[in-house]
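Here is what each chain is made of, one letter per residue.
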Amino acid sequence: FGEDGCIQGLFELADVPYAGCGVLSSAAAMNKYHCKCLLHAHGIPVLPAAVVPKAAAQSGLNKVLAQIYGTKGLEEFPLFVKPGNLGSSIGVSRAKDETELNAALAKVFELDNEAIVEPCVVNLLEINVSVLEGDKGPEASVVEIPVASAGVLTYEDKYMRQGKGKKGSGRSVQGMAGLTRVIDPEDLAPEIKAAVVRFALEAFRILGCAGVVRFDFMLDLDTNQLYFNELNPLPGSMAHYLWVKSKPPVLYTELLTRIIEGACRRKALSAGLKRDLGFRALSG
């Protein structure tokens, strides 16, 4: 909450300049299914998915299960279930049979009114990249491979694990910066890196993003197929750990400066628009 477009809309109504993504891109990013559909329509590859409303599941679970199994790509287990409108890997589950699928849906509906069911890519590699707004257009950082403790990144992986050389209670005070990761991996094929960057820059423009964001992709290692997974419109730690490793590097203070300058630039553009159109009654 806070990166889903609501606060951004409040700032728009109050005529207050703000940094980062606007109403549309923030709202689209938070609704995972609509974000996938929009990018898929522009040629960016995504996994097939079925949307399950909570009300539909409550009124007839068998009908919902038939809808899931009838979706192309979801005919076989394992399946991946997650909330449609939450971030940080909260409420996600891997279901290997119908019993686990039912439990996964119930888990999601404690947190959200909509679930998304996707095929589970068993042999996958997660690849992330950050995109930063600039006065000459968006630019991409180096890519990273986050290291999960159990095959899929969890909330605990992102925020509770200690990174290399850290000591303490186990809660990372660095947020996403404390996650174990491989930045700009040398053994990742250059064409995969290039595809991640190309898709991320294109998605940034399509969704009308601003400030700094992070795009998460999945690579199916069995087919070498790349898929868009999700957009983080307000990435943990501002994804600064990717920018300091970029070429040329962008230090944290410069990153913040560019984000703020972008907000001022967009506010100046909006200020030049004619808003008061006067009263014009409809007439025959």
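Here, the structure is the one placed above.
First things first, this report covers the structure right here in the doc. Just so we're clear, the structure is a prediction, and the values are computed from it rather than from any experiment.

Procedures and definitions
- Residues numbered from 1 in each chain as written.
- Predicted model: local features only at pLDDT ≥ 70, side-chain atom pairs only at ≥ 80, totals over all residues.
- Heavy atoms only, no water.
- Phe/Tyr/Trp six-rings, centres within 6.5 Å; stacked < 30°, edge-to-face > 60°.
- Buried < 20%, exposed > 50% of the residue type's maximum accessible area, 1.4 Å probe, protein only.
- Helix = DSSP H or I, 4+ residues; strand = E, 2+ residues; numbered from the N terminus.
- Lys NZ or Arg CZ within 6 Å of the ring centre and 35° of its normal.
- Pairing = 2+ DSSP bridges.
- Axes fitted to C-alpha atoms, helices over the stretch in contact; angles between N-to-C directions.
- Contact = heavy atoms within 4.5 Å.
- Core = buried A, V, L, I, M, F, W, Y, C linked by side-chain atoms within 4.5 Å.
- Expected span 1.5 Å × (residues − 1).
- Parallel < 35°, antiparallel > 145°, perpendicular 65-115°, else oblique.
- Nonpolar A, V, L, I, M, F, W, Y, C, P; charged D, E, K, R; others polar.
- Arc of directions from axis to C-beta.
- 1 Å grid on protein atoms, 1.4 Å probe; cavity = no way out; pocket = protein on both sides within 12 Å on 5 of 7 lines; lining within 4 Å.
- Points joined across faces, edges and corners; volume = space filled by probe spheres on them.

## Description of the packing of aromatic side chains
The tally for this structure, following the rule as stated, stands at 5 aromatic pairs. Judged by centre distance (6.0 Å) and plane angle (75°), the rings of Tyr69 and Phe77 are edge-to-face. Using a relative accessible area of 26% as the deciding quantity, one classes Tyr69 as partly exposed. Taken together, a centroid distance of 6.1 Å and an interplanar angle of 80° make the contact between Phe217 and Phe228 edge-to-face. In this pair, Phe217 is assigned in strand 8 (residues 212-220) and Phe228 in strand 9 (residues 225-232), connecting sequence segments 11 residues apart. In this pair, the class of Phe217 matches that of Phe228, namely buried. Every member of this aromatic cluster is reached through a ring pair, and the members are Phe199, Phe215, Phe217 and Phe228. The cationic tip of Arg181 hangs over the ring face of Tyr241; the distance from NZ or CZ to the ring centre is 3.9 Å. Note that Arg198 overlies the ring of Phe199, its terminal NZ or CZ placed 4.9 Å from the centroid.

## Some details on the sheet that holds strand 9
Read from one edge to the other, the open sheet built from 5 strands follows the order 7-6-5-8-9, with strand pairing classed as antiparallel. Every interior strand has two partners, whereas the edge strands, strand 7 (181-183) and strand 9, have only one. If you compare each strand with its neighbour and ignore which way they point, the axes differ by 30° on average. Bridge count between strand 8 and strand 9: 7 bridges; the pairing is antiparallel. When the sheet's bridge partners are listed, Phe215 is paired in strand 9 with Leu231. Against the sheet, helix 10 (residues 252-271) makes contact with strand 5 (124-132), strand 6 (139-146) and strand 8, and its axis sits at roughly 65° relative to strand 5, the strand it touches most.

## A look at the nonpolar core
Counting 29 residues, the largest nonpolar core has Phe215, Phe217 and Phe228 as its most contacted members. At the level of elements, helix 2 (23-30), helix 3 (32-41), strand 5, helix 8 (190-207), strand 8 and strand 9 are the ones that each hand at least two residues to this core. A total of 9 residues in this core trace back to one element, the largest contributor, which is helix 8. Apart from the residues lying within four places of it in its own chain, the contact partners of Phe217 are Leu125, Glu126, Ile127, Asn128, Val129, Val196, Phe199, Ala200, Leu226, Tyr227, Phe228 and Asn229. In this structure, Val64, Leu65, Ile68 and Val108 belong to the second largest nonpolar core, which totals 17 residues.

## Things to note about helix 10
Its 20 residues place the ends of helix 10 29 Å apart at the C-alpha level, agreeing with the 28 Å of an ideal helix rising 1.5 Å per residue. The secondary structure elements touched by the buried residues of helix 10 are strand 5, strand 6, strand 8 and helix 9 (240-243).

## A word on the packing of helix 5 (residues 61-69) against helix 6 (residues 98-109)
The contact between helix 5 and helix 6 brings their axes to 12 Å, and the two run at 110°. In terms of their interaxial angle, helix 5 and helix 6 are classed as roughly perpendicular. The residues of helix 6 that touch helix 5, namely those facing Leu61, Leu65, Ile68 and Tyr69, are Glu98, Leu101, Asn102 and Leu105. Looking at the contact of helix 5 with helix 6, its residues break down into 6 nonpolar, 1 polar and 1 charged.

## As for helix 6
Across its 12 residues, helix 6 extends 17 Å between first and last C-alpha, which sits within 8% of the 16 Å expected from 1.5 Å per residue. Residues of helix 6 that are buried: Leu101, Ala104, Leu105, Val108 and Phe109. Around the axis of helix 6, the buried residues are gathered within 135° of arc, so they sit on the same side. Structurally, helix 6 contributes buried residues whose contacts are with strand 1 (50-53), helix 4 (54-59), helix 5, strand 2 (79-83), strand 3 (93-95) and strand 4 (114-119).

## Some remarks on the layout of surface pockets
The space that makes up the largest pocket amounts to roughly 340 Å³. Around the largest pocket sit 17 residues that line it, and Glu12, Tyr18, Arg266, Lys267 and Ser270 are the ones nearest its centre. When residues of the lining of the largest pocket are traced back to their parent elements, those giving at least two are helix 1 (6-13) and helix 10. A total of 5 residues in the lining of the largest pocket trace back to one element, the largest contributor, which is helix 10. Within the lining of the largest pocket, the residues separate by chemical class into 8 nonpolar, 4 polar and 5 charged.

## Quick look at the sheet that holds strand 2
One open sheet accounts for 4 strands, arranged 1-4-2-3; its pairing is antiparallel. In this open sheet, the two strands that pair with only one neighbour each are strand 1 and strand 3. The average undirected angle you get between the axes of adjacent strands in this sheet is 30°. The sheet contact formed by strand 2 and strand 4 spans 5 bridges and is antiparallel. Its bridge partner being in strand 4, Leu79 is matched across the sheet by Pro119. The strands touched by helix 6 within the sheet are strand 1, strand 2, strand 3 and strand 4, with strand 2 carrying the most contacts at an inclination of about 15°.

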